[in-house]
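Chain and residue survey
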Amino acid sequence: EHLFNSKILTFEDWESFKHRFEQAYPGYLLRIRGAHADLSGAEERLFLLIKLGFNSQEIAGTLGISINGVKKGRQRLRKRLDLHPDADLEAFIKAF
């Protein structure tokens, strides 16, 4: 529940969120980093929020960015994950 009511605006917010996420999903961050070590911090945050089922508007509010910023982030994440243009980003992340 605390994960869904978070704001990730500062480094401290991110550290707190990661800690709570690790409690809910032990080892998940290590799996992501092992499989996709080249993800940026922003891409990792987006990955986790999508994993939790956040939509673009919720992601924008949580990260304090615009909807367009979320769309651009999704595009960068798709490219970094080397997903085919027709592949479903959400399905890929939820299955990971």
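That block above? That's the structure.
In this report, we go over the structure that sits alongside the text. (Residues numbered from 1 in each chain as written. Predicted model: local features only at pLDDT ≥ 70, side-chain atom pairs only at ≥ 80, totals over all residues. Heavy atoms only, no water.)

1. Quick notes on the overall build of the protein
Secondary structure summary: the protein contains 6 helices and 0 strands in total. Starting at the N terminus and ending at the C terminus, the protein contains elements arranged as α-α-α-α-α-α. For a compact globule of 96 residues, the expected C-alpha radius of gyration is about 12 Å, and the protein comes in at 13 Å, within 12% of that figure. Overall, the C-alpha framework of the protein stretches about 35 × 30 × 20 Å when taken along its three principal axes. The 96 residues of the protein split such that 38% are buried. In the structure as shown, the protein presents an accessible area of about 5800 Å², 52% of it carried by carbon and sulfur atoms. (Helix = DSSP H or I, 4+ residues; strand = E, 2+ residues; numbered from the N terminus. Rg over C-alpha atoms; globule rule 2.2 N^0.38 Å. Buried < 20%, exposed > 50% of the residue type's maximum accessible area, 1.4 Å probe, protein only. Areas by Shrake-Rupley, 256 points an atom, 1.4 Å probe, with all protein chains shown as cover.)

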